[in-house]
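The residues making up each chain are set out below.
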Amino acid sequence: MKKVIALATSLLLLAGCSEPNTTVRLATHDSFVMSDELIAQFEQESGYQLEIIRLGDTGTLTNQLILTKDAPIADLVFGIDNTFRSIAEEDIFTTGGFVEISYGDVCFNYDIAWFEKNNIEPPKTWRDLTDEKYRGLTVVTNPRLSSPGLAFLATTFAGFETNAEVFEYWRNLRDNELKTAGSWEDAYFSDFTRYGGSRPIVLSYASSPAAEVKDGVPGTAALLDECFRQIEYAAVIEGADNRRGAEALIDFMLSDPFQSALPEAMYVYPSVKETPIPETWAMYALPARSNLGDANMVAKFRERWLKDWSDVFDN
């Protein structure tokens, strides 16, 4: 009898033990960059192996996590921003809430050499883009799929006193042959003239020109007035297989090595104060002079705004 009891006890103990989960899965957008050195440092310090799952632009990322919320495909997410956060908070269960990791200002960039070559004065603000001389020159991103696109949509609503003025501006943009790309990567690396496209004006970030400096000569410039302040977050996904690993990765994202790498890796500002940034950013990656648009208003009016946008640009 003692042997039977001992055997049963041993089986119960074995059943209660399982192999520790040594992999942490990060769901993120296509623009996420983490160097091999930082990955190795995280893995060495934490004891976890990192698996990165890229799921498209921010909107696609958010939608994929919503569709899989009952069987999470990742332990945490990075890259949901303040334009999509309200959707995520409503439809994606998280543990510990959203932690701010980085920020940037969404604004238009233009190709300096293209405008000089064609002897055309570049625009001063996004309000100028309806001018005839900029016909067929501008590309933005789809606000349904892209956080910069949704940020621009929010900016236009904040920039005019009435909806009628917003719609008039949108119609003028449409009639001036505005192009809408599916993602920031498509707009910047396919449509922008800097990379062989035909559009010398692209919706991007105030910090993007820092990536276009060659031999001390800037290749692009940003329109720094009336931009949208975008904040990116990380969050542990409820029901994740490896919550501890997810928390360890978020802690690492807030550490000096990761925060210091953000400017040159993803051309965004680190959220942790006093984090040093590259000296060149003082010249080529200045924050916006002014910001427009309220993330709370995005949360409140998102679906109506998207329908209005679709009524103008999809018909």
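Quick notes on the rules
- Residues numbered from 1 in each chain as written.
- Predicted model: local features only at pLDDT ≥ 70, side-chain atom pairs only at ≥ 80, totals over all residues.
- Heavy atoms only, no water.
- Phe/Tyr/Trp six-rings, centres within 6.5 Å; stacked < 30°, edge-to-face > 60°.
- Helix = DSSP H or I, 4+ residues; strand = E, 2+ residues; numbered from the N terminus.
- Buried < 20%, exposed > 50% of the residue type's maximum accessible area, 1.4 Å probe, protein only.
- Lys NZ or Arg CZ within 6 Å of the ring centre and 35° of its normal.
- Lys, Arg positive; Asp, Glu negative; His and termini not counted.
- Salt bridge = Lys/Arg side-chain N within 4 Å of Asp/Glu carboxyl O.
- Polar contact = N/O pair within 3.5 Å; in protein donor to acceptor, adjacent residues only side chain to side chain.
- Contact = heavy atoms within 4.5 Å.
- pLDDT = per-residue confidence, 0-100.
- Pairing = 2+ DSSP bridges.

Inspection of every chain in the model, using the stated rule, returns 29 aromatic pairs. Relative to Phe252, the ring of Phe42 has its centre 5.6 Å away and its plane inclined at 55°; by these criteria the two rings are tilted. Residue Phe42 is found in helix α2 (residues 36-46), and its partner Phe252 is found in helix α9 (residues 243-253); the two are separated by 210 residues along the sequence. Here Phe42 falls in the buried class, since its relative accessible area comes to 1%. On the accessibility criterion, Phe252 (6% relative accessible area) is buried. Centre to centre, the rings of Trp170 and Phe313 are 6.5 Å apart; their planes meet at 50°, and the pair counts as tilted. Highlighted residues: Trp170 in helix α7 (residues 163-175) and Phe313 in helix α12 (residues 295-313), separated in sequence by 143 residues. As far as the burial class goes, Trp170 and Phe313 line up, both buried. The lysine or arginine in question, Arg85, covers the ring of Tyr233, its NZ or CZ lying 4.7 Å from the ring centre.

Another point: the environment of Gly97. Examined against the element boundaries, Gly97 turns out to sit in strand β4 (residues 94-111). On the basis of relative accessible area, Gly97 is assigned to the partly exposed category, the value being 28%.

Within the fold, Glu43 resides in helix α2. Arg54 provides the closest opposite charge to the buried, salt-bridge-free Glu43, at an N-O distance of 12 Å. In terms of polar contacts, Glu43 uses its side chain to reach the backbone amide nitrogen of Leu50, at 2.9 Å. The residues touching Glu43, leaving out its near neighbours within four places in the chain, are Tyr48, Gln49 and Leu50.

Take unusual backbone geometry next. For Asn119, which is not glycine, the phi torsion reads 55° and is therefore positive. Classification of Asn119 as exposed rests on a relative accessible area of 71%. Although it is not a glycine, Glu226 adopts a positive phi angle of roughly 55°. The residue Glu226 is located in the loop between β10 (220-222) and β11 (228-237) in this model.

Here the focus is the confidence of the model for the protein chain. Chain-level statistics for the protein chain give a pLDDT mean of 90 and a share of 93% at 70 or above. Contacts from residues 1-18, a stretch scored under 50 in pLDDT, to residues over four places away or in other chains number 0 contacts.

A separate point is the pairing of strand β5 (residues 138-141). Going residue by residue along β5, you find Thr138 and Val140 tucked away on one face and Val139 and Thr141 tucked away on the opposite face as well. Relative to strand β6 (residues 179-181), β5 runs parallel, the two being bridged by 3 bridges. Paired with Val139 across the two strands is Lys179, which belongs to β6.

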